Amino acid sequence: MSEWVKACNLEQVKEGQLFGFVHGDKKLLLANLNGKIHATDLICTHADADLSTGFLSDEGVRCPLHLSVFNLDNGKPQNLPAEIPLKVYNVKIDANEIYVEL
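Treat the numbers as computed from the prediction; the structure is a model and nothing was measured. (Residues numbered from 1 in each chain as written. Predicted model: local features only at pLDDT ≥ 70, side-chain atom pairs only at ≥ 80, totals over all residues. Heavy atoms only, no water.)

## Examining the sheet that holds strand 2 (residues 18-23)
Spatially, 4 strands are ordered 2-3-4-8 in an open sheet, and the strand pairing comes out antiparallel. Either end of the sheet is taken by a strand with one partner, and the two such strands are strand 2 and strand 8 (88-89). Of the pairings in the sheet, the one linking strand 3 (residues 26-33) to strand 4 (residues 36-41) comprises 6 bridges and is antiparallel in character. Within strand 4, the position partnered with Ala 31 by the bridge is His 38. (Pairing = 2+ DSSP bridges. Helix = DSSP H or I, 4+ residues; strand = E, 2+ residues; numbered from the N terminus.)

Now the structure itself:
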């Protein structure tokens, strides 16, 4: 059964920003791309790199280690060396708080 967990306040993830957080054993990434909040796994599937220290563009989030780009809508890598998609999570915003469905 899934649960909605509070990630942070909406003001903590401004347009064009990345925000990493941990809930239990889950390491998650929030990204504000063009005003839409996305949630994925925080750690790159190719190497143990924290994607919140990566780069955000219209293509998605770019890993800071080997520069693979992941699509934020479906988690799929857009280029090598990453080949395994990130897990993507549902997001809702309620009273300026961001919640992620785990």
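Moving on, there is more to tell.
## Describing the pattern of salt bridges
For the structure on display, the rule yields 2 salt bridges. We note a salt bridge from Asp 73 to Lys 36, for which the minimum N-O separation is 3.4 Å. Within this pair, whereas Asp 73 is found in the loop between strand 7 (69-70) and strand 8, its partner Lys 36 is found in strand 4, the two being separated by 37 residues in sequence. Classification of Asp 73 by relative accessible area gives exposed; the value is 53%. For Lys 36, a relative accessible area of 47% corresponds to the partly exposed category. (Salt bridge = Lys/Arg side-chain N within 4 Å of Asp/Glu carboxyl O. Buried < 20%, exposed > 50% of the residue type's maximum accessible area, 1.4 Å probe, protein only.)

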